[in-house]
Amino acid sequence: MLLGFAAVNTGNNLLYLMVSAFFGFMAVSGLVGQQNLRKLSLRVLAADDLFAQLPGRVEVELTNQRRWLPAFLINLTSGDASALVAVLAPGQSCRRFLPVVMPERGYQQLSAIQIYSCFPINFFVRSRLMPGKRRLLVFPRPISSALPGGQYQDQPARQLELSQPGIDGELRSIDSYRQSDPLKSIHWKLSARHDDFRVKRQNQLGAPSLLLNLDEFSGSLEERLGMCAYLVSRLIAQQRAVGLKLDHQIIDPASGRQQRLKLLTELALYGRR
Amino acid sequence: MVGVERILQILAYLAALIAVLPLLPFISVWIPMIVVAAGCLGLRGDFQGRYLLGQRSATLLAMIFMLQFVAQASLSNLVVPLINLLCLFLALRLAGEKLPRHILQLFLLSTIILAASSMLSLNLSYLLYLILMIMLVTAGLVLLSFYTTDSRLKLSRREWGLLLKTIAVLPSVSLILMLFFFIILPRTQTPLWNFLNPQPVAQTGMSDQVKPGSVTDLATNEQPAFRVESEQLPDDALYWRGIVLNKLEGQTWRRSGAVSKEEMVPDEGSEIELTFYAEPKIDRFLVTLDRPIEVQGIHHSQAGDSVMESRLKTSQPLSYKVRAQYRGSSRQSGGEHRYLGVPDDLSGRLKAVAEKISEGENFSAKRALLDRFFQQQQLSYSPTRLPQTERALEAFLFESRRGYCEYFASSYALLLRMAGIPSRLVGGYLGGTYNQIGGYYLVNESAAHIWVEALDDDGVWRRIDPSRLAINSAEALNLNSRNRISVFTAVVDAALHSWSRLVLNYDLHQQIGVVRNLFGKARQLKEFDARAWQPSAWFLAGLLPLGAWWLWKRRAARHVRLINSFRALMAKRLEIQPIGAEIGLYELAQRSRNPLCRTFVSLYGAAVYQDRALNNAEYRQLRRILRDLKRQPQNKSGRSKKAIRLKA
């Protein structure tokens, strides 16, 4: 402004040149700033550890769908949470975590996600609300609890021997070494007597399956769901096979990450379908 | 990983350097020394993280500098104290801590100082400094936005590459847009603050009187007098007419205001249009090509003897157009006796020569006799050791026989008058250096010249250059016109000329001219002549295959195009925007539950996933499947939206 005022009043063409250059810069920076927020898409990724009323985080994926122009200084905000993407190359995606606390279990709507950027110059901040699905599955708030009746609570996992190949059961057979075999399975004494390496094949140790019955827990519905959610997470972490009985629905016991998600999902959506 | 902060500091120091450099010839030496010392202090502080100059000390010093400025400044002495003050503020900022707002202040101060330097000099080097400053400031402002967002941000080499490419675009486009804004930004008829601008100092000009020795001083002055844009002219046509001196008083030729009207004797074949760009002068006479017919673009008056005079006296550079005929002349209509006056106290030797010349029967014979007399005298053309006595012309002709153009012209015209031939002196310039690159003549002050015009028997004024009768005229006179400048000199001078013509002299009149020109062009478009554009059309047609080849080279491989189309179609059908890289083709086909999709994926996978290129039959089949998929309505893709959501 000052330079423009000086240029007009002095008629000095060198000042006009400078003012023109800065006008040009303002024009091109405005255009670049506007383009910086275009053709960006955002995806909220499914979370497997988001519990009601507990601090958690949501992973979002920002994709730059432009062909030439990178995206710079993109701030992602949802409620009070924010994350920064400094540089995102054209055609590339990147993921960021947004800390959240969801009040209730079930399918919950994440606060509107806004992107804003001060690029290229920090005089103006442009922002844009990102469209798209923001539905999240929130599991019940875990409440520490013992198993109804106290059975199996603190017993170690190795109780049943399964007739499946494993690393911690009884010896099944002695075989020749294959590349997929772990080194610790090599039987060194036997190998010394043969021309090739020999490995021990063992059975797998398992634990007895458990079926959690929601009705066997005491307290309000939310408390009982919370206790079930706590036990599901804890028992599956102990490699136990856990099932669930919800009213007339029975989910067979199994172990592993998928089973955990399945059970927690059922608990999250109990009575909310 | 390279931090943003360090690079930002370097840019700020460079901006300060660029701001101070153009000021060096104009400000006291201690100002740049203070700035450099402050820069060194600042650098030390940047590395150690501890600054000797605190915020309070800086504020106190700034107030002292301000008081000093108030004490020094006045309306007649404002610019230099103001620039000194700005430089001292810059030094304070350089020496102190560099928080984001301080770096912004550094860029701002540097920009203002560079702007202020235009109050001291209009040199072309300003453009270079301006371009550098724009690059530094734009890059600095962009990095500042990164620094403000996250001061600990570190970027990888690849991220720096992406950022630098984008940063490079900003000043480049800004400088292109600068040209556009420079043309359209509003200008005033008369600047209100013109006193702040550097005033051109006119030191030379055409005097309205000539006496022996008065032109000699200009012989060594190599300052440009004017530049003329025109086609290249014959060497003997390069007589630039300025003033006509028609009255002889003693040894001094003067211009008398009473000039009778002369009728132009045209020579259509030598008519030419020229554009003059004259440097500031102390007189109002406008230089033209001998003989001028018309002057445009400047308020002027035209005397009967084709002398043009500007109505306004200005110390600014002038530009005007001239239509002239270099073989043209004029016919005197009455008042010839005014051109016959001679002093009373002429010597016997001169009278004897004049009597001898008078024996000639007509103009040509008398002129031939006079020419022969000059040649017999073995006169040499020289700007040094010239006679400066009261009878300088007589001494020149008979004793020293050395003289400059005014000696030759004065004595020749005097003898013509004594022999009864009306004559006068014409002051102007001779020759010039043609700049092939710029397409203009550069005429220096050293080319100032005096020649004679004499009235022939038909009453027509004839140009006679007596200096050409000197024994060394070939070397002395034709030096300028035959002088060929080096390519480097030509480029530099063409750049200076363009700078002056396009930038420094651009004003409201030219702005209006540009608008008129645009309207004129728009009118011409209505009368579009296809034949005139034929060469351009052929050129573009020649470029088309190149463009097509470029696009062909850049296109993706055909299997990539197929799979992109397929994924885009699936994204639309399955309402997944966008489809992430983690969802494979087989999973997409499974999710779609569409047999066509499964066929497509299995056919594609069988070829591409086994490192085999698609053959033509497979390619055609895949395209057919895609076409069929696109034709299928969305609700027949195999399942309901609810099912898709559950699966997802």
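Residues numbered from 1 in each chain as written. Chains lettered and ligands numbered in written order. Predicted model: local features only at pLDDT ≥ 70, side-chain atom pairs only at ≥ 80, totals over all residues.

*Asks:* Break down the overall build of chain B for me, citing the residues and quoting the values.
*Replies:* If you tally the helices and strands in chain B, you get 21 helices and 23 strands. Taken across its 648 residues, chain B has 32% of its residues classed as buried. Taking the intrachain contacts of chain B between residues at least 6 apart in sequence as the baseline, contacts between residues at least 24 apart amount to 75%. (Helix = DSSP H or I, 4+ residues; strand = E, 2+ residues; numbered from the N terminus. Buried ≥ 20, exposed ≤ 12 C-beta atoms within 10 Å, placed from the backbone. Contact = placed C-beta atoms within 7 Å.)

*Asks:* Give a description of helix H18 (residues 585–592) of chain B that names residues and reports values.
*Replies:* All names here are of chain B. Turning to H18, its buried residues are Leu 588, Ala 589, Arg 591 and Ser 592. All buried residues of H18 lie within an arc of 165° about the axis, which places them on one face of the element. At the C-terminal side of H18, Arg 593 shows a positive phi close to 55°. (Arc of directions from axis to C-beta.)

*Asks:* Give a detailed account of the confidence of the model for chain B, specifying residues and quantitative values.
*Replies:* Residues and elements named next belong to chain B. With 91% of its residues at a pLDDT of at least 70, chain B reaches an overall mean of 84. Across residues 636–648, confidence stays below pLDDT 50; counting only partners more than four residues off in sequence or on other chains, it has 13 contacts. Taken together, the chains of this predicted complex give a pTM of 0.67 and an interface ipTM of 0.76. (pLDDT = per-residue confidence, 0-100.)

*Asks:* A description of the packing of helix H2 (residues 30–48) of chain B against helix H4 (residues 79–95) of chain B should follow, citing residues and the corresponding values.
*Replies:* Residues and elements named next belong to chain B. Axis separation between H2 and H4 bottoms out at 7 Å; the angle between their running directions is 15°. Relative to H4, H2 is oriented roughly parallel. As for how H2 packs across H4, the hand of that crossing is left-handed. The residues of H4 that touch H2, namely those facing Ile 31, Ile 34, Val 35, Ala 38, Gly 39, Leu 41 and Gly 42, are Asn 84, Cys 87, Leu 88, Leu 90, Ala 91, Leu 92, Leu 94 and Ala 95. Looking at the contact of H2 with H4 residue by residue, the classes come out as twelve nonpolar, three polar and no charged. (Axes fitted to C-alpha atoms, helices over the stretch in contact; angles between N-to-C directions. Parallel < 35°, antiparallel > 145°, perpendicular 65-115°, else oblique. Left-handed = near helix turned anticlockwise from the far one by under 90°. Nonpolar A, V, L, I, M, F, W, Y, C, P; charged D, E, K, R; others polar.)

*Asks:* Talk me through the interface of chain A and chain B; I want residue IDs and the actual numbers.
*Replies:* Each partner contributes residues to the interface: chain A has 38 residues there, and chain B has 45 residues. Elements that contribute at least two residues to the side of chain A that touches chain B include exactly helix H1 (2–10), helix H2 (13–36), strand E2 (55–64), strand E3 (71–78) and strand E4 (81–88) of chain A. Looking at the side of chain A that touches chain B, the element that brings in the most residues is H2 of chain A, giving 16 residues.

*Asks:* If you had to explain the sheet that holds strand E1 (residues 40–44) of chain A to someone new, which residues and values would you point to?
*Replies:* All names here are of chain A. With respect to topology, three strands assemble into an open sheet ordered E1-E2-E5, the strand pairing being antiparallel. Looking at strand neighbours, the two that pair on one side only are E1 and strand E5 (93–101), the edges of this open sheet. Ignoring strand direction, the axes of neighbouring strands in this sheet form an average angle of 30°. Across nine bridges, E2 lies against E5 in antiparallel orientation. Its bridge partner lying in E5, Leu 62 is registered against Cys 94. (Pairing = 2+ DSSP bridges.)

*Asks:* Residue-level account of the pairing of strand E19 (residues 423–430) of chain B, with values.
*Replies:* Residues and elements named next belong to chain B. Buried residues dominate E19, accounting for eight of its eight residues. Across six bridges, strand E5 (residues 239–245) lies against E19 in antiparallel orientation. For Ile 243, the partnering residue across the bridge sits in E19 and is Gly 427. As paired elements, E19 and strand E22 (residues 448–455) share seven bridges and run antiparallel to each other. The residue bridging Gly 428 from the neighbouring strand is His 449, located in E22.

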